[in-house]
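The primary structure of each chain is shown beneath.
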Amino acid sequence: MAHIVVMGAGTGGMPAAYELRAELGKEHRITVVNAVDYFQFVPSNPWVAVGWRDREAITFQIRPCLERRNIAFVAQRVTRIDAAGNRLELADGSALDYDYLVITTGPRLAFEEVPGAGPSGHTQSICTVDHAEHAHAAYQQFLAAPGPAIIGAMPGASCFGPAYEFAFIFNKDLQRRRLRHKVPMTYVTAEPYIGHLGLGGVGDSKSMLESELRNNDIKWICNARVSRVEAGKMFVTELDDAGAVKKEHELPFAYSMMLPAFKGVEAVAGVEGLCNPRGFVLIDEHQRSKAHRNIFAAGVCVAIPPVEATPVPTGAPKTGYMIETMVTAIVRNIRADIEGRPATAKATWNAICLADMGDTGAAFVALPQIPPRNVNWFRKGKWVHVAKVAFEKYFMYKMKNGSSEPIYEKYVLRSLGINRLESKETT
């Protein structure tokens, strides 16, 4: 009997646990370890920050959901991975042995890389539900005394979609409150151009997002290297395409939400040979650690090189569909290893995203993620907003009820009119 431990219970960890149980049957042990005892649907955090959702709507208790599927749960932070000894050391002093470890922790939020950034500094975040609630509290104060707003992404950021989402949701909420005319908005981003998205652009993303920003009176600064943030003031160096200083900006703000750069969580980054210098797990084509054959990884914690060099560092995003296919590959390869067969399953490294923009939305598909692509398009319309709202409810329902089916493939791909075969041709 093998014991498989899943480290992290987010949009990668929960599906991994359910798929492992469905694939391996009852004869093997599965344990999920997570720092908190609740699941949070991170894509809904922009809505929480403006009060369109509350915590109860996008979270649920993990333990009863897992235990109904005969999956053990430990609500503890992992302080150390003893890869040689196949053991996790936990914050309460206990330890947990494993035969296979699946790392789905997500990232550590590297606010410290920009002095004054983050919820403990002077900018807000929507990376966790706690941060989104903090952002909402700050928003309530802002509404009483509106002023300039800065939204965007710090140097080294890799997840740009939520920054665009929040900019447009923030804009729409202010319009509904008849306060938008009191709030000059600037979108500040490390991207070399609007719509780059960490992907070198997708379809017509550049012109379409530029148009949307213009139509909503949102100015922007690209190639933006934020050097520090003070109370009510952000210091930004704008670079040109060659990386030379183009302009220095000292931007006032009454409210700011800036996505940080990501790094690997401490316990993962501290394992010798497991990660790159940023703490992301180095894996082979089968999602397996290059240094430890019984350790697998999926999601944001995985090392993926940037799509291209940019004047200000940017990373490549890991979207939900990509994470889902990573998880499926891991599950199949663990089963193969248990049965003495070689690993053959590979993830589909494609980028697919539904992004809400208040009362409309944008969808993009990049198959594969790195150009040149077989499928490369970007669309916007009210149907995307409707699809994103529906997907939130669909995903939460499936996670609460222990679904092991491919959620993104079943819902997102079909809603975009992309069939399963086409999505897998680029593996």
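Everything discussed here concerns the structure shown above.
Residues numbered from 1 in each chain as written. Predicted model: local features only at pLDDT ≥ 70, side-chain atom pairs only at ≥ 80, totals over all residues. Heavy atoms only, no water.

Moving on: the overall build of the protein chain. Per the secondary structure count, the protein chain includes twelve helices and 22 strands. Each principal axis of the C-alpha atoms in the protein chain carries an extent, and together these give about 65 × 45 × 40 Å. In the protein chain, which comprises 427 residues, the share counted as buried stands at 59%. In the protein chain, of all internal contacts separated by at least 6 residues, the share reaching a separation of at least 24 is 66%. Of the accessible surface of the protein chain, which amounts to about 17100 Å², a share of 50% is contributed by carbon and sulfur atoms. Charged side chains of the protein chain number 48 positive and 44 negative; the gap between the two group centres comes to 4 Å. (Helix = DSSP H or I, 4+ residues; strand = E, 2+ residues; numbered from the N terminus. Buried < 20%, exposed > 50% of the residue type's maximum accessible area, 1.4 Å probe, protein only. Contact = heavy atoms within 4.5 Å. Areas by Shrake-Rupley, 256 points an atom, 1.4 Å probe, with all protein chains shown as cover. Lys, Arg positive; Asp, Glu negative; His and termini not counted. Charge placed at Lys NZ, Arg CZ, Asp CG, Glu CD.)

Looking now at helix α9 (residues 320-338). Think of an α-helix as turning once every 3.6 residues; residues three or four places apart then point the same way. For α9, spanning 19 residues, the distance from its first C-alpha to its last is 27 Å, which sits close to the expected 27 Å at 1.5 Å a residue. One or two steps after α9, the chain reaches G340, where phi turns positive at roughly 80 degrees. (Expected span 1.5 Å × (residues − 1).)

Attention now moves to the pairing of strand β1 (residues 3-7). Of all five residues in β1, five are buried, a share of seventy percent or more. By the alternation rule, side chains of β1 split into H3, V5 and M7 and I4 and V6, which are all buried. Examined bridge by bridge, β1 and strand β2 (residues 29-34) share five bridges and lie parallel to one another. Bridging across to β2, I4 finds its partner in I30. (Pairing = 2+ DSSP bridges.)

Spatially, β5-β2-β1-β9-β19 is the arrangement adopted by the five strands of the open sheet, whose pairing is parallel. With one partner strand each, in any of the chains shown, β5 (72-75) and β19 (295-297) form the two edges of the open sheet. Neighbour to neighbour, the strand axes of the sheet diverge by 20 degrees on average, direction disregarded. On the sheet, α9 packs against β1, β9 (100-103) and β19 and is oriented at approximately 170 degrees with respect to β9. (Axes fitted to C-alpha atoms, helices over the stretch in contact; angles between N-to-C directions.)

The subject of this paragraph is the nonpolar core. Core analysis: the largest hydrophobic core is formed by 136 residues, its most contacted members being I81, L88, I103 and F170. Dropping the residues within four chain positions of it, I103 is found in contact with M7, I81, V268, L274, V281, I295, F296, A297, A298 and C301. (Core = buried A, V, L, I, M, F, W, Y, C linked by side-chain atoms within 4.5 Å.)

Another aspect to go through is unusual backbone geometry. Look at the link from L367 to P368: it is a cis peptide, with omega at -5 degrees. Topologically, P368 is positioned in the loop between β21 (361-367) and β22 (375-380). In this structure, N86 is a non-glycine residue whose phi angle is positive, near 55 degrees. Here the phi dihedral of D217 falls at roughly 55 degrees; this positive angle occurs in a residue that is not glycine. Relative to the assigned elements, D217 resides in the loop between α7 (205-215) and β13 (218-221).

Before going further, it helps to examine the packing of helix α1 (residues 13-24) against α9. It is at 9 Å that the axes of α1 and α9 come closest, and there the two elements cross at 35 degrees. Judged by the sense of rotation from one axis to the other, the crossing of α1 with α9 is right-handed. In this structure, α1 contributes P15, A16, E19, L20, E23 and L24 to the contact, and α9 contributes E324, V327, T328, V331, R332, I334, R335 and I338. Split into classes, the residues belonging to the contact of α1 with α9 amount to eight nonpolar, one polar and five charged. (Left-handed = near helix turned anticlockwise from the far one by under 90°. Nonpolar A, V, L, I, M, F, W, Y, C, P; charged D, E, K, R; others polar.)

Right, let's get into the sheet that holds β21. A sheet is described by the order of its strands in space; here three strands give the open sequence β20-β21-β22, paired in antiparallel fashion. Both outer strands of the open sheet, β20 (351-356) and β22, are each paired with one neighbouring strand and no more. Shown here is a sheet whose adjacent strand axes are inclined to one another by a mean of 5 degrees, direction ignored. Direction of pairing for β20 relative to β21: antiparallel, over a ladder of six bridges. Residue A351 lies in a different strand from β21, and its bridge partner there is A366.

The analysis is restricted to geometry; functional conclusions fall outside its scope.
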